[in-house]
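Spelled out from the first residue to the last, the chains are:
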Amino acid sequence: MSSPTAVPALRVEHLSKRFGRAVAVDDVSLSVPPGEVFGFLGPNGAGKSTTIRMVLGLLRPTGGSVAVFGVPADDVGRAHRHLAYVPADVALWPWLTGRECLDLLAGVGPGTDLDYRAELVERFALDPDRRARAYSTGNRQKVALVAAFATRAPLLVLDEPTSGLDPLMEREFRRCVAEAAGRGQAVFLSSHQLGEVEAVCSRVGILRGGRLVEVAGLPDLRRLRRSELDVTLAEPAGAALADVEGVEDLRWRSPVELTMTLSGPPGPVLRALARLEVVSLVVREPSLEELFLDFYGDTVSPRPGASV
Amino acid sequence: MTAASVPAAAGPVVTGLAVRSVRRGTAVVTVLAAALPALVAVQFRRLDQALAGPSLAALAENPAIRTLFGPPVALDDVGGFTVWRTGTPVLVLVGTWAALTASRVTRGEEEAGRWDLLLGGRTRLPEVVLRHLAVTAGAAALAGVAVTAGLLLAGTAVSGAVLFGALVAGTGACGAALGALAGQLLAERRAAAGAAVGVLLTGLLLRMVADGVPALAWLHWLGPFGLLSRSAPYADDAVVPVLLLAAADVGLAAAAWWVAGRRDVGGAPLRRTGAVRARSLRSLAALAVRRVRRPVLAWGAGLAAYFLLIGVLATTMTEFLAENADFADLAAQAGFAGLETVSGYVSALLALLALPVGAFVAGRVADTAADEVAGRLALVHGLPVSRVRWLATDLSAVAAGAVLLVVLAGAATWVGAATVGAGLTSGEALAGALNVLPVVALCLGAAVVALAWAPGAVLPLGSLPAVGGYLLLVLADTLGWPGWVRGISPFAHLAGVPAVPPDVPGLVGMLVLAAVLTAAGAVGYARRDLRG
């Protein structure tokens, strides 16, 4: 719980959404204090976008409530003065140019720093004088990102904003999130990319099957994170690695080939390997889905009291 | 490992997809196209010929009616009467539907990027285009068969029923081929649909000119509507015009296939090029104006041409009646006095303005619904603007566009009439045009109600007050239906301005109903889940 005296940037209470008989979001509660970068994780179809669309007032909750800086989410005219939004699939009117889209969003939006916007256009290498028809998915996403980051809205709601960006632009995006946090803007970042969330978020919530199954700070997230190592040695090495700190699930595929799972910092393993003749070393990070399967199994039983 | 299943040919799979994309619309259009003539034919038999004869003749000689439906042939025959009265509307319905559908399933699907997936398979672009065109034309043929079946069941002559059905099918195929061809030439579905419907309905204009100006009667051969006149089912039963229509359809389809084989997927030969002009766009009002600007220009060009022609034909049509005093007397006896005057003629035709402008309004609201599904409104709805305010801004621009179109049509009528010295004042022409605005307002109200509760059916429901209301009035007048049925039609409450003074209570009543519908729809829209 954040401090009860401060109004949270975003407060979601017992939020549920049904589409007919299908339950898309089931009793989700969370709170994001001002200035926090909150990662909203989950596999495809977990209910992330549905939750965000309820935060935006685009969908009406079946149950529960959402408040943005204390303003009910369905009072869109007031609530949206405190936020800027980047949708998951950015669709623009094909006959508008990027600049016209930016001008429109700035003209109607919650207040925009035009100098910073010009800088962002440069940094994201966006050509704003082309029609949206000619933009790729990534370029459309850049338009929405530039518009959102250039606002001074105290809450940025970003729904999988980097799915169409190249690694360079993704780095720029991470910088922008850091700058926003530095200015005291809260960021609600939905993603299914663990690396991105780990790089920018201070706290994460994990959604699965419409339910919030985990809310944790970043150190705890690191504990969740494990990587897989494939090592090939020049000559058989016996049981030299069995007791190294952080190594789990050590398997020898042949006398010189081994696979192991590593949790925690890789220092001890690297020191142990340095003593051996290593021919090749491949580090593979498990996908978020693998982690989910690892931690929760196929049928998820949400922990009671997972709300914060 | 199981063997991968590879279908023998990819083509039938594409055809199956095309069938799925058109089947709902096909069902609706087929039922409408079959029911309308059959209904008219059955009811015509029940009419007391001795009583109805003179009034029907008077109606037939009404210059406005002649302009719209063409000169009557074989009015004493069930089939002849039915074709004269329903031929043009059914051809417009099936042809326009086919043009819109063909451009939607070809360029629309391509524009949305769904064909990239399809063309990643074993099929090539020309084949995919041709299969979608064939399915749309097949759907139109189904409507033609249904028309024939309906007329045969109603007991009309076989040759006429077959010929009329073939003309309906041929017109539908013509619309489909135009839609597919425009979809190959133009990069946007909207532009392609507009161009296809525009070309198709130019055929209607040509037929009107051919009817009105004897020296230009050969224009009949240049469009499906004129070919219907030349074929004259139940009278001449000429087959050559039908064959000509079929040949034209094949030619248009071949052209679409040829262009499809010579262009990039996603590209088009006729593409707007040139530098992008930067214009200020800083408010929702500016966005709303941008959204209606191009449609207003396109509809405006079409309406101006049509009503200019109406104005120019004013004296030709009224002279005919003046020279045939017997008809004028007959008309007066049957309660149609004043039809031989220019103002009577103009008032009857300006009332029709409600149909295209009503469709324009419904189309704009349908575009908002489409933008919502495509996710284009997500960014707008992320702004600090309530949905009702956004809708009010957008609808204001649409309403302003509708007023502009109506004024333009009135002005065009006046200019046309003035060039032939028909003696119509600009005030009379504008009054007649503005008189239809309450019906347009009803369309707007119905469209907003649909946006709230049936967002997939905004266009048909929004056009219903104008298009459905007009058809209802035509049927009620022709077949002598009871007054309360006729009273459901908005046109029953529209006086023939400028020939007679406006029906003020009727206009006010429609405006109040339109306001109630719009307000209810806006509330419903604000409360529902947004799609997309």
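Residues numbered from 1 in each chain as written. Chains lettered and ligands numbered in written order. Predicted model: local features only at pLDDT ≥ 70, side-chain atom pairs only at ≥ 80, totals over all residues. Heavy atoms only, no water.

Another aspect to go through is the overall build of chain B. What chain B contains, in helices and strands, is 21 helices and zero strands. Its C-alpha radius of gyration of 24 Å places chain B within 12% of the 24 Å reference for a compact globule of 532 residues. Principal-axis analysis of the C-alpha atoms places the extent of chain B at approximately 85 × 55 × 45 Å. Counted over contacts in chain B with a minimum sequence separation of 6, partners at least 24 positions apart contribute 77%. Element-wise, carbon and sulfur atoms account for 69% of the exposed surface of chain B, whose accessible area totals about 21,600 Å². Across chain B, 36 positive and 28 negative side-chain charges occur, with their mean positions spaced 16 Å apart. (Helix = DSSP H or I, 4+ residues; strand = E, 2+ residues; numbered from the N terminus. Rg over C-alpha atoms; globule rule 2.2 N^0.38 Å. Contact = heavy atoms within 4.5 Å. Areas by Shrake-Rupley, 256 points an atom, 1.4 Å probe, with all protein chains shown as cover. Lys, Arg positive; Asp, Glu negative; His and termini not counted. Charge placed at Lys NZ, Arg CZ, Asp CG, Glu CD.)

This paragraph deals with the packing of aromatic side chains. Residue and element names in this part refer to chain B. The final tally for this structure, using the stated rule, is eight aromatic pairs over all chains. Measuring from ring centre to ring centre gives 6.2 Å for Phe 81 and Trp 84, while their planes differ by 55°; the resulting arrangement is tilted. Of this pair, Phe 81 and Trp 84 both sit in helix H4 (residues 78-111), three residues apart, roughly one helical turn. Classification of Phe 81 as buried rests on a relative accessible area of 1%. With a centroid separation of 5.6 Å and an interplanar angle of 75°, the aromatic rings of Tyr 470 and Phe 491 are classed as edge-to-face. Placement of the pair is Tyr 470 in helix H19 (residues 458-479) and Phe 491 in the loop between helix H20 (483-488) and helix H21 (504-527), with a sequence separation of 21 residues. Judged by its relative accessible area of 7%, Phe 491 falls in the buried class. (Phe/Tyr/Trp six-rings, centres within 6.5 Å; stacked < 30°, edge-to-face > 60°. Buried < 20%, exposed > 50% of the residue type's maximum accessible area, 1.4 Å probe, protein only.)

Turning to the domain arrangement of chain B, a few remarks are in order. Accessible area lost during the coming together of the parts is what is often quoted as the interface size. When cut into domains, chain B gives domain 1 (7-266) and domain 2 (278-532). One C-alpha centre belongs to domain 1 of chain B, the other to domain 2 of chain B; they are set 24 Å apart. (Domains from an automatic or database assignment.)

Our focus in this paragraph is the sheet that holds strand E7 (residues 155-159) of chain A. All names here are of chain A. One open sheet accounts for six strands, arranged E6-E7-E8-E3-E9-E10; its pairing is mixed. Looking at which strands have only one partner, the edges of the open sheet turn out to be strand E6 (83-86) and strand E10 (211-217). Strand after strand, the sheet turns through a mean of 15° between neighbouring axes, direction not considered. Looking at chain direction, E6 and E7 are connected through four bridges and run parallel. Along E7, the bridge assignment pairs Leu 83 with Leu 155. (Pairing = 2+ DSSP bridges. Axes fitted to C-alpha atoms, helices over the stretch in contact; angles between N-to-C directions.)

Residues and elements named next belong to chain B. Viewed as axis vectors pointing N to C, helix H7 (residues 158-185) and helix H9 (residues 224-231) meet at an angle of 170°, and their least axial separation amounts to 10 Å. In terms of their interaxial angle, H7 and H9 are classed as roughly antiparallel. By crossing handedness, the relation of H7 to H9 is classed as right-handed. Counting all contacts with H7, which are made through Leu 163, Phe 164, Leu 167 and Thr 171, the residues of H9 involved are Pro 224, Leu 227, Leu 228 and Ser 231. (Parallel < 35°, antiparallel > 145°, perpendicular 65-115°, else oblique. Left-handed = near helix turned anticlockwise from the far one by under 90°.)

Right, let's talk about the nonpolar core for a bit. Counting 213 residues, the largest nonpolar core has Phe188(A) and Leu353(B) as the members making the most contacts within it. Residue contributions to this core reach at least three from each of two domains, namely domain 1 (7-266) and domain 2 (278-532) of chain B. Residues within four places of Phe188(A) in sequence aside, it is in contact with Leu10(A), Leu30(A), Val32(A), Phe38(A), Phe40(A), Ile52(A), Leu155(A), Leu156(A), Val157(A) and Leu158(A). Leu229(A), Val231(A), Leu241(A) and Val244(A) belong to the second largest nonpolar core, which has 12 residues in total. (Core = buried A, V, L, I, M, F, W, Y, C linked by side-chain atoms within 4.5 Å.)

Bringing the interface of chain A and chain B into the picture now. On the side of chain B, 38 residues touch chain A, which itself brings 35 residues to the contact. Between chain A and chain B lies a buried interface of about 3,200 Å² when both sides are counted; carbon and sulfur atoms form 60% of it. Linking chain A with chain B are five salt bridges, by the criterion used here. One salt bridge connects Arg282(B) with Asp103(A), and the closest N-O pair in it is separated by 3.7 Å. Counting across the chain A and chain B interface gives 14 residue pairs in polar contact (both at pLDDT 80 or more). (Buried area = accessible area lost by both parts, 1.4 Å probe. Salt bridge = Lys/Arg side-chain N within 4 Å of Asp/Glu carboxyl O. Polar contact = N/O pair within 3.5 Å; in protein donor to acceptor, adjacent residues only side chain to side chain.)

A separate point is the pattern of salt bridges. With the rule as written, the count across this model stands at 32 salt bridges over all chains. Note that Asp129(A) is salt-bridged to Arg99(A), the shortest N-O span being 2.9 Å. Taken as a pair, Asp129(A) in the loop between helix H4 (114-123) and helix H5 (137-149) and Arg99(A) in helix H3 (residues 98-108) lie far apart in primary sequence, 30 residues in all. Taking relative accessible area as the criterion, Arg99(A) reaches 34% and is therefore assigned partly exposed. For Arg190(B), the salt bridge identified is with Asp367(B), shortest N-O distance 3.7 Å. Here Arg190(B), found in helix H8 (residues 189-212), pairs with Asp367(B), found in helix H14 (residues 354-373); they are 177 residues apart in sequence, far enough to count as distant. Salt bridges linked by common partners bring Glu119(A), Arg123(A), Glu172(A), Arg175(A) and Glu179(A) together as one network.

For the rest of this paragraph, the subject is a nonpolar patch on the surface. Residue and element names in this part refer to chain B. A cluster of nonpolar residues, Leu 216, Trp 218, Trp 221, Leu 222, Val 240 and Leu 244, forms a patch on the protein surface that exposes about 580 Å² of accessible area. The topology assignment puts Leu 244 in helix H10 (residues 240-260). In this structure Leu 244 comes out as partly exposed when scored by relative accessible area, which is 39%. (Patch = residues over 30% accessible without salt bridge, like charges linked within 9 Å, V, L, I, M, F, W, Y side chains within 5 Å.)

The next subject is the sheet that holds strand E11 (residues 226-233) of chain A. All names here are of chain A. Read from one edge of the open sheet, four strands run E12-E13-E11-E14, paired in antiparallel fashion. Two strands bound the open sheet, and with one partner strand each, they are strand E12 (247-254) and strand E14 (278-284). Going across the sheet, the axis of each strand differs from the next one's by a mean of 15°, ignoring polarity. With six bridges joining them, E11 and E14 adopt antiparallel strand pairing. Bridging across to E14, Leu 233 finds its partner in Val 278.

With that settled, consider empty space enclosed by the protein. Under the definition given, this model contains six cavities of 30 Å³ or more. Breaking the lining of the largest cavity down by element, the ones donating at least two residues are E6, H3 and H5 of chain A. In terms of lining residues, the second largest cavity is bounded by Ala91(A), Leu92(A), Trp93(A), Leu96(A), Cys101(A), Leu104(A), Leu105(A), Arg376(B), Leu379(B) and Val380(B). Looking at the lining of the second largest cavity, the elements with two or more residues in it are H3 of chain A together with helix H15 (378-381) of chain B. In terms of residues, the lining of the second largest cavity owes the most to one element, H3(A), which gives three residues. When grouped by side-chain class, the residues that make up the lining of the second largest cavity number nine nonpolar, no polar and one charged. (1 Å grid on protein atoms, 1.4 Å probe; cavity = no way out; pocket = protein on both sides within 12 Å on 5 of 7 lines; lining within 4 Å. Points joined across faces, edges and corners; volume = space filled by probe spheres on them. Nonpolar A, V, L, I, M, F, W, Y, C, P; charged D, E, K, R; others polar.)

Looking now at the packing of H4(B) against H9(B). Packed helices, taken two at a time, are described by the angle their axes make and the gap between the axes. Residue and element names in this part refer to chain B. Interhelical geometry of H4 versus H9 gives an angle of 155° and a closest axis separation of 10 Å. By the angle class used here, H4 and H9 are roughly antiparallel. Read as a crossing pair, H4 and H9 show a hand that is right-handed. On H9, the residues touching Val 83, Gly 87, Thr 88, Leu 91 and Val 92 of H4 are Pro 224, Phe 225 and Leu 228. Residues of the contact of H4 with H9, tallied by class, amount to six nonpolar, two polar and no charged.

Bringing the confidence of the model for chain B into the picture now. On average, residues of chain B score 88 in pLDDT, and 90% of them are at 70 or above. Confidence metrics for the complex model read pTM 0.84 and ipTM 0.81. (pLDDT = per-residue confidence, 0-100.)

Moving on to the pairing of strand E13 (residues 257-263) of chain A. All names here are of chain A. When you tally the buried positions in E13, you get six out of seven residues, the bulk of the element. Summarising the sheet, E11 and E13 pair through seven bridges and their orientation is antiparallel. Paired with Leu 229 across the two strands is Met 260, which belongs to E13. The pairing of E12 with E13 spans five bridges and is antiparallel. Paired with Arg 251 across the two strands is Thr 259, which belongs to E13. The hairpin turn running from E12 into E13, its antiparallel successor, is two residues long.

The subject of this paragraph is the side chain of His80(A). Within the secondary structure layout, His80(A) lies in the loop between helix H2 (76-79) and E6. From its side chain, His80(A) meets the backbone oxygen of Gly382(B) in a polar contact 3.2 Å long. Ignoring sequence-local partners within four residues, the contact set of His80(A) consists of Leu56(A), Pro110(A), His381(B), Gly382(B), Leu383(B) and Pro384(B).

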